Amino acid sequence: MSEIKTFGIIGVGVIGAGWAARALAHGLKVIAWDPAPDAEKRLRAGVENAWPALQKVGLFEGASLDNLSFASSLEEMASMADFIQESAPERLELKTKIHADLDAAARPDVIIASSTSGLLPTDFQKEAKHPERILVGHPFNPVYLLPLCEVLGGEKTSDDNIKRAMEFYETISMYSLKVRNEIEGFLSDRLQEALWRENLHMINDGIATPKEMDDAIIYGPGLRWAFMGVNKTFTLAGGDAGMRHFMEQFGPALELPWTKLKGPEFTDKLVDAMVDGTAEFTENTTIKELEQMRDDCLIAIMNALRNFKEGAGELVHKNEARRIKAVQEFQKWEKGSEIGAPLALYQNQCLPEWVDYNSHMTEAAYLTAMGWATDALFRFIGDDEAYRDSGLSFYTVETHINYYQECSTGDPLRYETQLLGLDEKRMHIFHTMYHATTGEKLATAEQMLLHVDMKASAACPIREDVYEALQAIWEVHKDMDAPREKGRVMQIKKKS
């Protein structure tokens, strides 16, 4: 779906703004429309509030808030969009009318997807001339972080358009889950609805408070649910015999009156209990503050799961590799390539796991970050996975780091790299880390690297093609001024 360059949005509430933020973070242009008089102001505020979280996760090439524009009409937005996401209020008559208007204004090949939480796409198609491109792409809040997108078509939606929509959502780092049957509430919301109804019964009957019900999730099954659904969880609960034993052991309990899936009577008493109960543990905290806390927690969980490649962590792993690969493919030396003096090969953000209890980047994290800058240099000269698979690599034999300024979670970082020396077995390099927005110098790292034959566990000459790339860099860098930190010796000078 690389032909999609402009993402169209109608409806700029919480969900619409979330879609806008996700699309912008992936380098797309976004054009939005909403009839409310303050819609553009609210949209920009919502996107700006989400942007720090997206910087922490990692932005794609071309990502910029400047790519957001607001149309003067539905027709203008629809005519300019390559993919349209509708996030209007959950009223069937309104959505049906909107889809008919979008269908009339958009190019015939443009998919029109609805963010509806439970309404059916067949109903949206009734007044459209091109119903085959109308479907549901149901996200979860916050849209810019949570990857799940349930995709389902109506009676007239083409299989090809469902496939195209799923492929597009995957390009913006979402997990496309195809809902095979057109059913109200789809899959995830039906599960959430069952839990919500039982939660209301427990509070309505005075059995537990809202905080106690939340605690029952966040300290127990909620932690599992980040990477393991109910079916896998209960398979493990069955021990070595798995799900069969679990069903035999606990299946009869389904006949017991443990739960009340029919909702309780919706009374003022129940509403007051919910409002007062939740206010007790959210007072003195704004919604925006809670959103940012939620975002940081989700990022931390997803980054933790990344190391195990489980659940959303697998997507984080894949998308990180995809982002880095896109930069690496763009910056790879070839004969005749223009070489920067110094090289600017890598950018990233200060990750949440890099900071300590003072909320500042730890000493070890600076070395990790500089190591990634070195890896960008490796890939630039042709030292990639294939090179290492051949048994050749560079080993760092000495590093000197200087720390100048503190940085915190989400700070954008950029690196400049200078080649200080080169022979057939060694290279001497120097990295400078800057704050990408302010331009402040944050740290420097000087490194000596030795080229080795990993199979022989011995130093060896750099392979000819890689050495040629390094020589080309050296020709440009050898006349540069040496950084003042080069060869610095750590010492406490004695007073004379």
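Residues numbered from 1 in each chain as written. Predicted model: local features only at pLDDT ≥ 70, side-chain atom pairs only at ≥ 80, totals over all residues. Heavy atoms only, no water.

## Here we look at the environment of Cys460
Step number 1: Secondary-structure assignment places Cys460 in the loop between strand 14 (458-459) and helix 17 (464-477).
Step number 2: Overall, Cys460 belongs to the buried group, its relative accessible area being 13%.
Step number 3: Considered as a pair, Cys460 and Lys156 are 304 residues apart in the sequence and their alpha carbons are 64 Å apart.
Step number 4: Apart from the residues lying within four places of it in its own chain, the contact partners of Cys460 are Leu392, Glu424, Lys425, His451, Val452 and Asp453. (Helix = DSSP H or I, 4+ residues; strand = E, 2+ residues; numbered from the N terminus. Buried < 20%, exposed > 50% of the residue type's maximum accessible area, 1.4 Å probe, protein only. Contact = heavy atoms within 4.5 Å.)

## Regarding the pattern of salt bridges
Step number 1: Evaluated as defined, the whole model comprises 26 salt bridges.
Step number 2: In this structure, Arg42 and Asp38 form a salt bridge, with 3.3 Å as the shortest nitrogen-oxygen distance.
Step number 3: Judged by its relative accessible area of 35%, Arg42 is partly exposed.
Step number 4: Assessed through its relative accessible area of 37%, Asp38 is described here as partly exposed.
Step number 5: When the shortest N-O distance is used, the salt bridge between Lys126 and Asp123 registers 3.4 Å.
Step number 6: What emerges from the salt-bridge pattern is a single network uniting Asp375, Arg379, Asp383, Glu385 and Arg388. (Salt bridge = Lys/Arg side-chain N within 4 Å of Asp/Glu carboxyl O.)

## Some remarks on empty space enclosed by the protein
Step number 1: For the structure shown, the criterion picks out one cavity of 30 Å³ or more.
Step number 2: Computed from the structure, the largest cavity encloses a volume of approximately 50 Å³.
Step number 3: Those elements that place two or more of their residues in the lining of the largest cavity are helix 2 (39-57) and helix 13 (287-306).
Step number 4: Element by element, the count of residues in the lining of the largest cavity is highest for helix 13, at three residues.
Step number 5: The residue inventory of the lining of the largest cavity, partitioned by class, reads four nonpolar, one polar and one charged. (1 Å grid on protein atoms, 1.4 Å probe; cavity = no way out; pocket = protein on both sides within 12 Å on 5 of 7 lines; lining within 4 Å. Points joined across faces, edges and corners; volume = space filled by probe spheres on them. Nonpolar A, V, L, I, M, F, W, Y, C, P; charged D, E, K, R; others polar.)

## A short note on the state of the cysteines
Step number 1: Here the structure, examined in full by the defined rule, presents zero disulfides.
Step number 2: With no disulfide of its own, Cys297 lies closest to Cys350 among cysteine sulfurs, the gap being 17 Å.
Step number 3: In this model Cys350 remains outside any disulfide bridge; the closest cysteine sulfur is found in Cys407, 4.4 Å from its own. (Disulfide = S-S within 2.5 Å.)

## Structural notes on helix 13
The periodicity of an α-helix, 3.6 residues per turn, causes residues three or four positions apart to be oriented the same way.
Step number 1: Taking 1.5 Å per residue, 20 residues should reach 28 Å; helix 13 reaches 28 Å between its end C-alpha atoms and fits that length.
Step number 2: Taken together, the buried positions of helix 13 are occupied by Glu291, Asp295, Ile299, Met302, Asn303, Leu305 and Arg306. Along the axis of helix 13, the buried residues cluster in a sector spanning 155 degrees; they form a single face. (Expected span 1.5 Å × (residues − 1). Arc of directions from axis to C-beta.)

## Observations concerning the packing of aromatic side chains
Step number 1: Counted under the stated rule, the structure contains 12 aromatic pairs.
Step number 2: Each member of the aromatic cluster is reached from another via a ring pair, and the members are Phe7, Trp19, Phe83, Phe168 and Tyr169.
Step number 3: Seen from the ring of Tyr404, Lys441 lies directly overhead, with NZ or CZ sitting 4.9 Å from the centre. (Phe/Tyr/Trp six-rings, centres within 6.5 Å; stacked < 30°, edge-to-face > 60°. Lys NZ or Arg CZ within 6 Å of the ring centre and 35° of its normal.)

## Thoughts on a negative patch on the surface
Step number 1: Among the surface-exposed residues, Asp268, Asp272, Asp276, Glu280 and Glu283 lie close enough to one another that they form a single negatively charged patch.
Step number 2: Structurally, Glu283 can be placed in the loop between helix 12 (268-280) and helix 13. (Patch = residues over 30% accessible without salt bridge, like charges linked within 9 Å, V, L, I, M, F, W, Y side chains within 5 Å. Areas by Shrake-Rupley, 256 points an atom, 1.4 Å probe, with all protein chains shown as cover. Lys, Arg positive; Asp, Glu negative; His and termini not counted. Charge placed at Lys NZ, Arg CZ, Asp CG, Glu CD.)

## Quick notes on the packing of helix 2 against helix 13
Step number 1: Contact geometry for helix 2 and helix 13: axes closest at 10 Å, N-to-C directions at 10 degrees. One element, helix 2, and the other, helix 13, form an angle in the roughly parallel class. When the axes of helix 2 and helix 13 are compared, the crossing they make is right-handed. On helix 13, the residues touching Asn49, Ala53, Lys56 and Val57 of helix 2 are Lys288, Glu291, Gln292, Asp295, Asp296 and Ile299.
Step number 2: The residue makeup of the contact of helix 2 with helix 13, split by class, is three nonpolar, two polar and five charged. (Axes fitted to C-alpha atoms, helices over the stretch in contact; angles between N-to-C directions. Parallel < 35°, antiparallel > 145°, perpendicular 65-115°, else oblique. Left-handed = near helix turned anticlockwise from the far one by under 90°.)

Geometric values such as these leave the question of function open.
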